[in-house]
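Listed below, chain by chain, are the residues.
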Amino acid sequence: MSTHILLIDDDPVQRRLLRHAVERIGHVAHMAENGRQGLEALGRLGDKVSVIILDLMMPEMNGLAFLNAMKDRGIEIPVIVQTGQGGIETVVMAMRAGAFDFVVKPVSPERIGTAINNALKVDRTAAARVPVRSRSSTIRFEDIVAVSPAMARVMELAKRASQSDIPVVLEGESGVGKEMVARAIQAGSDRASKPFVTVNCGAIPHNLVESILFGHEKGAFTGATEKHAGKFAEADGGTLFLDEIGDLPLEVQVKLLRAIQHGEIETIGARRTQKVDVRLISATNKDLIAAVKNGEFREDLYYRLNVFPITIPALRRRKEDIPVLARTFSERFAAGQKLETVPDITPSAMALLTAFDWPGNIRQLENSIFRAVVLNEGGHLDVGDFPQIAAQIPGYISSDGESIFTGNRDVMQAPSMSVNHMPSVFPDFAGTGVEEVRHHEPRPAPVHTIPEGFLAAVGPDGEVRTIAVVEEELIRFALRFYRGQMSEVARRLGIGRSTLYRKLKDYGIDPDDPMRVREFEHA
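Position numbers for residues count from 1 along each chain, tracking the sequence in the order it is written. Local features in this predicted model are restricted to residues whose pLDDT is 70 or higher, and side-chain atom pairs enter the listing and the counts only when it is 80 or higher, whereas totals over whole chains, interfaces and linings include all residues. In computing side-chain properties, one takes all heavy atoms of the structure into account and sets aside hydrogens as well as water.

A. Quick look at the overall build of the protein chain. Where helices and strands are cited, they refer to DSSP runs of H or I of at least four residues and of E of at least two residues respectively, numbered from the N terminus. Scanning the protein chain from N- to C-terminus turns up 20 helices and 14 strands. Accessibility here uses a 1.4 Å probe with only protein chains present; expressed as a share of the type maximum, an area under 20% marks a residue as buried, one over 50% as exposed, and anything in between as partly exposed. Buried residues in the protein chain amount to 46% of all 523 residues. Taken as a whole, the protein chain presents about 27200 Å² of accessible surface, with 51% of it coming from carbon and sulfur. We get accessible surface area from the Shrake-Rupley algorithm with a probe of 1.4 Å; when it comes to residues, only the shown protein chains can shield them.

B. Looking closely at the packing of aromatic side chains. Two rings from Phe, Tyr or Trp (for Trp, the six-membered ring) form a pair when their centres are within 6.5 Å of each other. A pair whose planes differ by under 30 degrees is stacked, one over 60 is edge-to-face, and the rest are tilted. Considering all chains together, one arrives at eight aromatic pairs under this definition. Ring geometry for F333 against F370: centres 4.4 Å apart, planes inclined by 15 degrees, an arrangement best described as stacked. Linking F333 in helix α13 (residues 321-336) with F370 in helix α15 (residues 361-375), this pair joins segments that are 37 residues apart in sequence. Through successive ring pairs, a cluster of aromatic residues spans F329, F333 and F370. Charge-over-ring contacts are defined here by two conditions on Lys NZ or Arg CZ: a distance within 6 Å of the ring centre and an angle within 35 degrees of the ring normal. A cation sits over an aromatic face here: R327 above F100, 3.7 Å from the ring centre.

C. Structural detail: the pairing of strand β8 (residues 239-243). Here β8 lies mainly inside the structure; five of its five residues are buried. The alternating pattern of β8 places T239, F241 and D243 on one face and L240 and L242 on the opposite face, and all of these are buried. Where strand β7 (residues 196-200) lies against β8, five bridges are found, and the strand directions are parallel. Within β8, the position partnered with N200 by the bridge is D243. Strands are treated as partners if at least two bridges between them are detected by DSSP. Taken together, the four bridges between β8 and strand β11 (residues 279-284) define a ladder with parallel strand orientation. Across the sheet, the residue bridging to L242 is S282, located in β11.

D. A look at a nonpolar patch on the surface. Nonpolar side chains (Val, Leu, Ile, Met, Phe, Trp, Tyr) are joined into patches within 5 Å and like charges within 9 Å, using only residues with over 30% relative accessible area and no salt bridge. For this document, the term salt bridge refers to a Lys or Arg side-chain nitrogen within 4 Å of an Asp or Glu carboxyl oxygen. Together, F370, V374 and L375 give the surface a local cluster of nonpolar side chains, amounting to about 260 Å² of exposed area. Following the sequence through the fold, V374 ends up in helix α15. Classification of V374 by relative accessible area gives partly exposed; the value is 42%.

E. Representation of the packing of helix α1 (residues 12-24) against helix α5 (residues 109-120) within the structure. As a packed pair, α1 and α5 sit with axes 9 Å apart at the nearest point and diverge in direction by 60 degrees. Taken together, the axis directions place α1 and α5 in an arrangement best described as oblique. The two elements α1 and α5 cross, and the hand of that crossing is right-handed. Here L18, A21, V22 and R24 of α1 come into contact with α5, specifically with P109, E110, I112 and I116. Residue polarity follows a fixed list, in which Ala, Val, Leu, Ile, Met, Phe, Trp, Tyr, Cys and Pro are nonpolar, Asp, Glu, Lys and Arg are charged, and the others, Gly among them, are polar. When the residues that make up the contact of α1 with α5 are grouped by side-chain class, the tally is six nonpolar, no polar and two charged. Angular values range over 0 to 180 degrees, each being the angle between N-to-C directions of two axes fitted as lines to C-alpha atoms, with helices fitted over their stretch in contact. Orientation labels follow simple angle bins: below 35 degrees gives roughly parallel, above 145 gives roughly antiparallel, 65 to 115 gives roughly perpendicular, and whatever is left gives oblique. In this scheme the handedness of a crossing depends on how the near helix is turned from the far one: anticlockwise by less than a right angle means left-handed, clockwise means right-handed. Throughout, a residue-residue contact means that at least one pair of heavy atoms, one from each residue, lies within 4.5 Å.

F. Spotlight on α15. In a regular helix each residue adds 1.5 Å, so 15 residues correspond to 21 Å; α15 covers 22 Å between its end C-alpha atoms and thus fits that length. Residues N361, I362, Q364, L365, E366, S368, I369, A372 and V373 constitute the buried set of α15. Elements that come into contact with the buried residues of α15 comprise α13, β13 (344-345), α14 (347-355), β14 (380-381) and α16 (387-391). Here, expected helix span is obtained from the residue count minus one, scaled by 1.5 Å.

G. How the structure looks around the nonpolar core. For the purposes of this section, nonpolar cores are sets of buried Ala, Val, Leu, Ile, Met, Phe, Trp, Tyr and Cys residues that join through side-chain atoms within 4.5 Å. With 55 residues, the main nonpolar core has I52, L54, F66, L67, V81, I369 and F386 as its most contacted residues. Ranked by residues supplied to this core, first place goes to α14 with six residues. Counting 27 residues, the second largest nonpolar core, distinct from the first, contains C201, I204, L240 and L257.

H. Structural detail: the sheet that holds strand β2 (residues 28-32). Strand order in this open sheet of five strands is β2-β1-β3-β4-β5, and the pairing throughout is parallel. Every other strand in the sheet has two partners, leaving β2 and β5 (101-104) as the edge strands with one partner each. Neighbour-to-neighbour, the strand axes of this sheet turn through a mean angle of 20 degrees, independent of strand direction. Note: strand β3 (residues 49-55) against strand β4 (residues 79-83), four bridges, orientation parallel. Within β4, the residue paired with D55 across the bridge is Q82. Strands in contact with α1 are β1 (4-8), β2, β3 and β4; relative to β2, the strand with the most contacts, it is inclined by about 165 degrees.

I. Geometry of the sheet that holds strand β6 (residues 168-171). Pairing is parallel in the open sheet, where five strands are placed in the order β7-β8-β11-β6-β12. On the outer flanks of this sheet lie β7 and β12 (308-311), each paired with one strand and no other. Between one strand axis and the next, the sheet turns through 20 degrees on average, direction left out of account.

J. Representation of the packing of helix α18 (residues 467-481) against helix α19 (residues 486-493) in the model. Axis separation between α18 and α19 bottoms out at 9 Å; the angle between their running directions is 135 degrees. Classed by the angle they form, the pair α18 and α19 counts as oblique. Remark: the crossing between α18 and α19 carries right-handed chirality. Here α18 contributes L474, I475, A478 and L479 to the contact with α19, which in turn contributes M486, V489 and L493.

K. Broad picture of the pattern of salt bridges. Per the counting criterion, the structure on display carries 31 salt bridges. Look at the salt bridges and you will find they share partners, linking D10, D11, D55, E488, R491 and R492 into a network.

Structural data, given as structure tokens:
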């Protein structure tokens, strides 16, 4: 039986691309040009539609209005929203309105397919889920939960690295999943059935690093009551994962260099070197180049290790992964706690998780979901189940329905619309009586500065600016913001290209230099 997908987008080119992507994976596509037509299509199709792909910026009825209309009508169909680059503030609003997932334009057919499959696989029964997997078990590339383009590139590089024994350095902040990628490389290589040995170089006392890595003979030093093989010997034939390689002492780096160059190690107290066959994968959260310049890391070792670097982006740089990661963790921990149903994450909670920066990255998200699942009693994970996260977002408001995401660098700045919290785009009516406003008495211009990306509603004379002046300024800003891409500018402004060109001529705007104001000579 075919799955029916509703595509809502005002751009005919984008609708056509989405239709081809949907039909290529065997689904039936239905199309609408805006939210109003989308609601009409839902009325005609009834329960046939399984997933909706929704553009947020459309004329007549935009994506957010469509989501609110769905909620008012009690329609519960997974919605995948589309957003442009840097549009996380709109995504947060969409997630709060009930969106299931989001994709960033331009989106590949593979990403659309993954998002649709995730939406179709929603299942509330925890018994059907896979039990929580141990960190030490085999991890394959398909076990890594990621849908963002940035992680797709990481996976592509990792798969290529798995086809050879080339030394790999995984770079990234703590908690981004460097060890998981390393295990996936091992599982995808010819050494999959061989040992995978992990060493955290930053957690070993400096005086024991050499012994732990290379081993020692009995009686080699005081306290060496028996022979110890060492991690290199344990990993012989397999893979050695050196985590936090930047913390390795300089004196040990010399021996590590020899092991890489010649494939042999010097066991403490031994008279002969020992041959080893080890595939080396290193990881670091430090800038190794800076460490080399500061004399903290050997330059020759750096070039030996850094043959195939892979940088894993922080979670705040790939927010597309947050919804799917959060749901995956909820399912795993529900199964681990033997819960009958998986607690679903409410739209407000998902918006909170998406808005947060996650300085601890995936590990912090995983622990937050674990805590919420263990303490949850109502079958739903809401904002109140993540108090530590909400407390770290400036301007958090607990229950009055206003935006909780103010002052965060990666999310929208949405101050309350009460009279005491009016943003700078509004005239300052605070403390003004109603009668004064009604009589339209002239007011002095506000003294605050208009932030970048905002349009002033009041001119220097203290009066409201004309529509033409505001429109001209908005067009100039849009041309600069979208770097002169006329189709994108017209679409975002909600006008046709021919209308845009006419307005450029009327206002004397140069598309190549939109911020330059032409000087006219008056007779």
